[in-house]
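Here is how the chains run, residue by residue.
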Amino acid sequence: MHRLFFCFFIVPVLVCAQSQQHWVDSIYANMSLDQKIGQLFMVMAFPDGNDAKQQHTIYQLKKYQVGGLLFSKGTSNQQLQDTKRYQQLSEIPLMIAADAEWGMAMRLQDIEPYPYAMTLGALPNTDLIYALAKRLGDRKRLMGVHVSFAPVADINTESKNPIIGVRAYGDNPNRVAQQAQAFMEGLQDAGIWSVAKHFPGHGASKLDSHRQLPTINRAKQALDTIDLFPFRHLFLKGIKGVMVGHLDVPALDNSALPVSVSSKVVTQLLQNELGFDGLVFTDALDMKGVTTSVKSPALAAFLAGADVLVMPLDIEKAILNIKQSYYNGEISPKRLEHSVKKILQAKYIFSSHHRSKNQMIQKPLQNTYYDAYLRNQIAIQSIVKVHATQNQFPLSLSTNVNYVALGVPSSNVFLDALNDHTQTTEIPTHKIQVVEISARPIVVGVFANTASPWNCQSISVADKALLSDLSSYSNVHIVIFANPYVCAQIPNLSSFASVILAHEQQPEFANAAAKVLFGRIPAMGILPVHIK
């Protein structure tokens, strides 16, 4: 039995490992210094059909022989065509990455988005998170993508965080760790390498690292128990990659420089102490969080211990800096070999895996019944009952209601959903005072612009005043189509008959919220963050 196990399982693994090492060693042995350095870089490509941009990408592939591409805004069909074209032009297979936290719609304009991470963070368990990530991974693989810059493993403890916010699962380290693990496993079971970000944690930031360098003022112990917790968990569970953020974290390095260029953080903490041996990616090296404080960001990040240098501001200068440092002995041959061979090993695995799976196909991102099912189930299971008064909630199906919309609803879907359950009369806000409020229940829809996770979501002063007036009545129900932090802006929240959090302005959430409001389905969601 042991001999059979060795023959059927151990021997193929050994042969595969030997084949991989042989391929990596042979490729590396025949590479010039320029080719080796080029492998370290991942540059942006734009699948928007613009010929000048395409020619610029081709120029970078030929002149600098870059190792990877990260696609930005455009269309799915164009990205599919461009990926094939660029792969054919590259002597060494390209590593193709996607910044697609809520699906390829994060960058592609012709794709329907999936819910944000914080919406997923409200789910009662991780089953749907895994299923969604597996689906996203399958779709990415059919687009020729190898690496996904997700999950966001940040603990969003700062409610006014301008750049993370709903991109994070929440503020509970244990729940975030489990949810990020489910997302990682879904991607990697689909053959996509998952990259957790933004190490060592961007969730406590009050600044956007694209614009300036944020400072994370946490003590080392707090970092260990909060911010580092999900990353440590993911490393133990086998995540393939990690992205280091451009953050000033004095408790880890008091140089006032970004930790992305700190060997104390990238090499000593991340790789030595935490034992991470996967691919280390930088956050984009054109971000002001690093360019305003570091003279040669790509070189500094590589010296700190990064493997893949993403989107340098000036690639020619970045390559020249690394080459000069190699010649003067600051970068040893062994150090360069270490990162380049890690990249080549990954590419061998990408090539082998993608050959064994379905090849790139036309229209791989076309929606199916399964995509609709996933969106619907996520909406149904994520609705949160923030507050409810006994005997006032849920609403009776035999009771007609008035409806008031605050903010900017993207459609009338919620009103239509209410009408599916009972007769609903919409009341303009300027007429609410002349309506006999106590005569029938009032449902107030509070709408924020959820089309982008970076949109400011808040309730206007006038709407807060109206809500304050309505809070004196016992039959007013609030449904919030916004991020959880908007709950804190509801005046006298516990005075209302009910307050429901429905997260996003997609039709599935409107329909699910109406069903919860009328007791057709239970509210299964859990608040993903603490509301002050």
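Since the model is a prediction, treat every value here as computed from it, not as a measurement. (Residues numbered from 1 in each chain as written. Predicted model: local features only at pLDDT ≥ 70, side-chain atom pairs only at ≥ 80, totals over all residues. Heavy atoms only, no water.)

Draft legend 1. The arrangement of the overall build of the protein in detail. Helices and strands together make up the secondary structure of the protein, namely 17 helices and 14 strands. Relative to its 532 residues, the protein shows a buried fraction of 57%. When the accessible surface of the protein is split by element, carbon and sulfur atoms take 51% of a total near 22300 Å². Of the charged side chains in the protein, 46 are positive and 40 negative; the average position of the first set lies 3 Å away from that of the second. (Helix = DSSP H or I, 4+ residues; strand = E, 2+ residues; numbered from the N terminus. Buried < 20%, exposed > 50% of the residue type's maximum accessible area, 1.4 Å probe, protein only. Areas by Shrake-Rupley, 256 points an atom, 1.4 Å probe, with all protein chains shown as cover. Lys, Arg positive; Asp, Glu negative; His and termini not counted. Charge placed at Lys NZ, Arg CZ, Asp CG, Glu CD.)

Draft legend 2. View of the packing of helix α14 (residues 369-382) against helix α17 (residues 507-517). Packing of α14 against α17 brings their axes to within 8 Å, and their N-to-C directions diverge by 40 degrees. Taken together, the axes of α14 and α17 are oblique relative to one another. The interaxial crossing formed by α14 with α17 has right-handed handedness. For the pair α14 and α17, the contacting residues are Arg375, Asn376, Ala379, Ile380 and Ser382 in the first and Glu508, Phe509 and Ala512 in the second. (Axes fitted to C-alpha atoms, helices over the stretch in contact; angles between N-to-C directions. Parallel < 35°, antiparallel > 145°, perpendicular 65-115°, else oblique. Left-handed = near helix turned anticlockwise from the far one by under 90°. Contact = heavy atoms within 4.5 Å.)

Draft legend 3. Local environment of the packing of helix α6 (residues 127-142) against α14. Running from N to C, α6 and α14 point in directions that differ by 150 degrees, and their axes come no closer than 11 Å. In terms of orientation, α6 lies roughly antiparallel with respect to α14. Between α6 and α14 the crossing geometry is left-handed. Here Leu128, Ala131, Leu132, Arg135 and Arg139 of α6 lie close against α14, whose contacting residues are Tyr370, Asp371, Leu374, Gln377, Ile378 and Gln381. Of the residues that constitute the contact of α6 with α14, the class distribution is six nonpolar, two polar and three charged. (Nonpolar A, V, L, I, M, F, W, Y, C, P; charged D, E, K, R; others polar.)

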